[in-house]
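Fold and geometry: a report
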Amino acid sequence: MIKNWYRGSLIAVVTILLMVTQLGGSSASASSTPFGPERFSTDHATYTISAQSPYYRRIWQEAIKAWNETGAFHFQKADSASAAQVTLKVASKHEAAALGEDVGLTEYTAKQSYLQRATATLNAALLREYNYSRANQLAVAEHELGHVMGLAHNPDKHSVMYYRNRSEGIQPVDIQGVKLRYQTPAGQASRDCLKT
């Protein structure tokens with residue numbers, strides 16, 4: 001019961017933080033996607049894909065490949081699931097109900113603003129219900145990986161990190177956001193993220 005309370009509280013805090021990042025955002029294009037104070041200690045992380053569905057395993061693999069090809073960050077397959085810093089999964093029926101209207105969700109643990117572990121989840125039931133195409137689902141997976149790397153939502157609709165993104169893949173502003181995230185010390189967020 002305490003674990004459920006903690007998880008619910010953590011989700012609420014992350015949701016509030018993501019909403020706050022949207023306040024004060026302008027409609028003008030930023031030169032880079034905003035980022036929060038958390039990041040991995042380096043610009044690379046190990047991952048495991050726990051999704052059983054071959055279809056969603058491929059979605060996650062393609063999203064990883066797309067981000068790796070940018071050169072801004074590198075995801076490397078972990079030797080074992082227990083050694084992975086990042087877990088990529090698909091929501092179970094119970095988890096999908098708890099996600100509500102979210103087609104994807106990223107949760108993480110951090111210590112002194114350094115990400116320790118992250119879990120990105122796709123809500124396959126909702127993706128099907130809302131008729132997301134394969135390309136749309138790939139964009140959602142790329143979006144969730146953006147959160148894994150430390151990116152916040154971007155008010156620009158032409159960013160993979162736009163909060164209601166369904167169709168945009170990784171854009172130059174997103175790549176620049178990741179590069180800046182890993183050039184900036186942990187604990188410091190981008191100026192766009194600090195606007196109120």
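All of these numbers come straight from a predicted model, not from anything done at the bench. (Residues numbered from 1 in each chain as written. Predicted model: local features only at pLDDT ≥ 70, side-chain atom pairs only at ≥ 80, totals over all residues. Heavy atoms only, no water.)

The next subject is the sheet that holds strand E2 (residues 74-77). Each strand in a sheet pairs with its neighbour through backbone hydrogen bonds, running either in the same direction (parallel) or in the opposite one (antiparallel). The mixed open sheet is built from five strands, whose spatial order is E2-E1-E3-E5-E4. In this open sheet, the two edge strands, each paired with only one partner strand, are E2 and strand E4 (104-111). Ignoring strand direction, the axes of neighbouring strands in this sheet form an average angle of 25°. Two elements, strand E1 (residues 44-49) and E2, share four bridges in a ladder whose sense is parallel. Each residue of the ladder has a partner; that of Thr46, found in E2, is Gln76. (Pairing = 2+ DSSP bridges. Helix = DSSP H or I, 4+ residues; strand = E, 2+ residues; numbered from the N terminus. Axes fitted to C-alpha atoms, helices over the stretch in contact; angles between N-to-C directions.)

Let's shift gears to the packing of helix H2 (residues 54-70) against helix H5 (residues 134-149). A packed helix pair is summarised by two numbers, namely the angle formed by the two axes and the spacing between the axes. It is at 9 Å that the axes of H2 and H5 come closest, and there the two elements cross at 60°. Taken together, the axes of H2 and H5 lie oblique to each other. The element H2 and its partner H5 pack so that their crossing is right-handed. Taken together, the residues of H5 that come into contact with H2 (itself represented by Tyr55, Tyr56, Arg58, Ile59, Trp60, Glu62, Ala63, Ile64, Ala66 and Trp67) are Arg134, Gln137, Leu138, Ala141, Glu142, Glu144, Leu145, Gly146 and Met149. The residue inventory of the contact of H2 with H5, partitioned by class, reads 12 nonpolar, two polar and five charged. (Parallel < 35°, antiparallel > 145°, perpendicular 65-115°, else oblique. Left-handed = near helix turned anticlockwise from the far one by under 90°. Contact = heavy atoms within 4.5 Å. Nonpolar A, V, L, I, M, F, W, Y, C, P; charged D, E, K, R; others polar.)

Turning our eyes to something else, we now look at the pairing of strand E3 (residues 86-90). Here E1 runs beside E3; their pairing, made up of three bridges, is parallel. Bridged to Tyr47 within E3 is Val86. Where E3 meets strand E5 (residues 114-122), five bridges bridge the pair, whose relative direction is parallel. When the bridges of E5 are listed, Val90 appears paired with Leu122.

Another point: the pattern of salt bridges. Taken as a whole, this structure holds three salt bridges when the rule is applied. Residues Lys65 and Glu69 are paired through a salt bridge, measuring 3.9 Å at the closest nitrogen-oxygen approach. Here the residue Lys65 and the residue Glu69 both occupy positions in helix H2, the gap between them amounting to four residues, near one helical turn. Each member of the pair, Lys65 together with Glu69, is exposed. For Lys89, the salt bridge goes to Glu95, with nearest N and O atoms at 2.6 Å. Given a relative accessible area of 23%, Glu95 falls into the partly exposed group. (Salt bridge = Lys/Arg side-chain N within 4 Å of Asp/Glu carboxyl O. Buried < 20%, exposed > 50% of the residue type's maximum accessible area, 1.4 Å probe, protein only.)

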